[in-house]
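# Chain and residue survey
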Amino acid sequence: MKIAFVYPAIFGSGFNTEKKDILFEQIHEGLAGLGAVCKKEGFKDITLIDLRLLEGWDDFAEKIRQLAPDVAGVTMMSPDYPYATRCIDIIKDLDPRIKIIVGGHHPTIMTQEVADNPKVDHIVTGEGEAAFPVILKDIEAKRPVARIIEGRRPDLDTLPFIDRELFDFLELPYDFFLPLPFVTVLAGRGCSYNCSFCAPASKIMHGDRMRRRSVDNVMNELSYLRDTYGIKSIQFWDDCFTESRDWVMEFCKAYRKNGFRQPFVCQTRADIVCKNPEMIKELKKAGLVMASIGFESGSDRILKFLNKGTTVAQNLQAAAICKRLAIKIWAYHMLGLPGERPEETKDTVRMINRIKPYRSSAAFFTPHPGSALHAYCRKNDLSLIGDHDNFVMFPEVDKPKIRGVDYALMRRLAGISKRPSLSVKVRIRIERVFAHKKSKAFRVKLLEALKEHPGMNKMAVLRIAHKKGLL
Ligand code: B12
Ligand code: SF4
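Please read all numbers here as calculations on a predicted model, not as lab measurements.

### Quick word on the overall build of the protein
Counting secondary structure elements, the protein contains 18 helices and 16 strands. The burial tally for the protein puts 44% of its 471 residues in the buried class. Counted over contacts in the protein with a minimum sequence separation of 6, partners at least 24 positions apart contribute 79%.

Structure (structure tokens):
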């Protein structure tokens, strides 16, 4: 049986984005995990069509013609929906016998909307590793398969390591100071907190409690990545990597004991940093170079409205703790919340300017399906989101989201809050010089290795080049 996964995440950047770089953005952990499970279950013919790497829709149709899959497994988050739908239309127009199976956050949360499309044969809600291979086997054996299948959450330690070679590029960090090769890793799934702009999406998908892989299991994958690809830096994509103090302490000990010196980045919360400065110290000793913190707002009233469970004072204290430990800060914050007064937005910008983060990500508040505020905005007729593209929350996306918000002001304030302080600017300039030398040397060697293996999967080339000691 031929299986083609489809990753339709071209919102914002469009097609053909890889042309800018031999390295490329980041993989989709969910698809890479499903690919690994399918291989383990004996399916051999598995490919991925990553729309980001294609020239356009004709190219997509050509890929489908060439591959002639029996099953197309399409993933989607909410902003991917229109592109995923177009992929499904093209596939069914070319060959209505190809079975379309969809999964991911949007089909899990907005199941009915997806089910209304008669071209979708099956929908998997929730986690897909247990359900997907069973569906494939049933289709192969021509057994009946339900249209909507609820995924069962697996014990994460029983899963094979994700198949990174499903993706035909090397991951590229958002931050230049992370040495190459770089990978993103998930050490667990889910989050126990209830921030109203985010939850309960993650709970619907992954359960009420965070589920961690064992430290041993994570160490085994990291050792595999180090030995096989020579990875030099890591970004942990867990919602909140530091949620369990005991797990983090065990992780830090094991990371050092296993000889890892690779710098890493992870996501945490201001209240956790304030309550556990010694845990942050251990993380720093292990290799934490940057902490991503959702500071969200400089107004306690708004933080309460967001049910964030943090205060402005904690935001400032957490930033001070990280600075004392020389941990860079990636500051996430939101502008344009329902009922937010201009003065409160300005307080957020003032707070970010006081924090002086190394990296600042301003988002326009966007009511994502699956969040409590999505329901609130609908109920109060506040949402201006007409099409799915507008679920992207970058300030660069020039579409209003919430009724009554002055987006001209928001754009101006986002610009100010994203501007680095003078001291950070100088630091970035200096660090860039040294980091660029190293990454340039790596790119040159990688290009040579790629030339030796034209057309081969780039992760496979990295594996071969690392084995030969070429990088
Ligand atoms: C890491 C992460 C990112 C990373 C990597 C994204 C990626 N492509 O994997 C980055 C930073 C790039 C990112 C970007 C965005 N993200 Co994000 N992200 C997450 C996070 C924290 C973890 C995702 C993850 O890896 N989960 C673990 C893996 C194993 O699960 P999974 O990918 O969902 O896949 C499983 C199932 O969904 C299912 N499945 C998925 N696809 C398929 C396909 C088939 C055929 C089948 C059968 C099953 C199946 O099986 C998989 C294995 O169990 C989640 C929060 C969360 N905990 O879910 C938010 C989250 C998914 N992101 C979200 C959002 C909004 C975004 C952005 C739109 C933000 C923006 N920039 O505007 C973009 C969209 C990017 C895109 N289209 O890919 C929302 C999604 C809400 C929604 N309604 O869709 C979430 C839930 C956070 C939130 N609560 O706001 N994100
Ligand atoms: S914002 Fe972070 S801490 Fe809050 S619910 Fe979402 S993932 Fe959890």
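### So, the sheet that holds strand β12 (residues 233-236)
Within a sheet, adjacent strands bond to each other through the backbone by hydrogen bonds, running parallel or antiparallel. Pairing in this open sheet of six strands is parallel, and the strands run β9-β12-β13-β14-β15-β16 from one edge to the other. Of all the strands in the sheet, just β9 (182-185) and β16 (359-364) have a single pairing partner and so form its edges. Averaged over neighbouring strand pairs, the angle between their axes works out to 20° when direction is ignored. Pairing geometry for strand β15 (residues 328-335) and β16, over six bridges, is parallel. By the bridge assignment for β16, Y332 is matched with S361. Strands β14 (288-296), β15 and β16 of the sheet are contacted by helix α14 (residues 342-355), whose axis makes an angle of about 175° with β15.

### Describing the packing of α14 against helix α16 (residues 407-418)
One way to put it is that α14 packs onto α16 with a least axis distance of 9 Å and a crossing angle of 15°. The angle between the axes of α14 and α16 places the two elements in the roughly parallel class. Crossing of α14 against α16: the hand is right-handed. Here P342, T345, K346, T348, V349 and I352 of α14 lie close against α16, whose contacting residues are L409, M410, L413, I416 and S417. Taken together, the residues that form the contact of α14 with α16 break down as seven nonpolar, three polar and one charged.

### Section: the sheet that holds strand β6 (residues 122-125)
Spatially, β3-β1-β4-β5-β6-β7 is the arrangement adopted by the six strands of the open sheet, whose pairing is parallel. Each edge of the open sheet carries a strand with a single partner, namely β3 (45-50) and β7 (148-150). The mean angle between the axes of side-by-side strands here comes to 20°, regardless of whether they run parallel or antiparallel. Lying over the sheet, helix α3 (residues 81-94) contacts β1 (2-7), β4 (71-75) and β5 (99-103), oriented at roughly 170° with respect to β4.

### Section: the pairing of β1
Most of β1 is tucked away, with five of its six residues classed as buried. Summarising the sheet, β1 and β3 pair through six bridges and their orientation is parallel. Paired with Y7 across the two strands is D50, which belongs to β3. Across four bridges, the pairing between β1 and β4 is parallel. Among the inter-strand pairings, F5 is bridged to a residue of β4, identified as G73.

### A closer look at helix α8 (residues 215-229)
Taking 1.5 Å of rise per residue, 15 residues should cover 21 Å, and α8 covers 21 Å from first to last C-alpha, within 8% of that figure. If you check which residues of α8 are buried, you get V215, V218, L222 and Y229. The arc that holds the buried residues of α8, viewed along the axis, is 105°, so those residues lie on one side. For α8, the exposed residues set more than 90 degrees away from the buried face come down to D216, Y224 and D227.

### Digging into the domain arrangement of the protein
Assigned domains of the protein: these are domain 1 (3-158), domain 2 (173-419) and domain 3 (427-467). Averaged C-alpha coordinates put domain 1 and domain 2 at centres separated by 27 Å. Each partner contributes residues to the interface: domain 1 has 20 residues there, and domain 2 has 25 residues. Those elements that provide at least two residues to the side of domain 1 that touches domain 2 are α3 and α4 (105-109). Examining the composition of the side of domain 1 that touches domain 2, we find that four residues originate from one element, α4, more than from any other. The class makeup of the residues in the side of domain 1 that touches domain 2 is nine nonpolar, seven polar and four charged.

### Quick notes on helix α1 (residues 29-40)
With 12 residues, α1 extends 17 Å between its outermost C-alpha atoms, agreeing within 8% with the 16 Å of an ideal straight helix rising 1.5 Å per residue. Within α1 the residues assigned to the buried category are G30, L31, A32, G33, L34, G35, A36 and C38. Residues of α1 that are buried sit in contact with β1, β3, β4 and α6 (131-140). Of the residues trailing α1, G42 is marked for its positive phi of about 100°.

### A few points about the site of ligand 1
With respect to spatial proximity, 45 residues lie near ligand 1, and among them G30, G73, T75, G103 and G128 are the closest. Taken together, the elements giving at least two residues each to the shell around ligand 1 come down to α1, β4, β5, α4 and α7 (201-206). For the shell around ligand 1, the element with the highest residue contribution is α1, accounting for five residues. Across the shell around ligand 1, the residue classes tally to 21 nonpolar, 18 polar and six charged.

### Remarks on the site of ligand 2
Near ligand 2, the surroundings consist of C191, Y193, C195, C198, A199, S202, D239, C240, R269 and G294. The residue inventory of the shell around ligand 2, partitioned by class, reads six nonpolar, two polar and two charged.

### Quick word on the pairing of β15
Where burial is concerned, most of β15 is hidden: six out of the eight residues are buried. What joins β15 to β16 is α14, and the crossover it makes is right-handed.

### Section: unusual backbone geometry
Cis peptide bonds are those with omega within 30 degrees of zero, and the linkage from L180 to P181 qualifies with -5°. Tracing the sequence through the fold places P181 in the loop between β8 (170-171) and β9. Notably, N307 is not glycine yet its phi reads approximately 55°, a positive angle. Inspection of the secondary structure assignment puts N307 in the loop between α12 (300-305) and α13 (312-324).

Thresholds, definitions, all that
Residues numbered from 1 in each chain as written. Chains lettered and ligands numbered in written order. Predicted model: local features only at pLDDT ≥ 70, side-chain atom pairs only at ≥ 80, totals over all residues. Helix = DSSP H or I, 4+ residues; strand = E, 2+ residues; numbered from the N terminus. Buried ≥ 20, exposed ≤ 12 C-beta atoms within 10 Å, placed from the backbone. Contact = placed C-beta atoms within 7 Å. Pairing = 2+ DSSP bridges. Axes fitted to C-alpha atoms, helices over the stretch in contact; angles between N-to-C directions. Parallel < 35°, antiparallel > 145°, perpendicular 65-115°, else oblique. Left-handed = near helix turned anticlockwise from the far one by under 90°. Nonpolar A, V, L, I, M, F, W, Y, C, P; charged D, E, K, R; others polar. Expected span 1.5 Å × (residues − 1). Arc of directions from axis to C-beta. Domains from an automatic or database assignment. Near = placed C-beta within 6 Å. Right-handed = clockwise from strand over helix to strand, strands pointing away.

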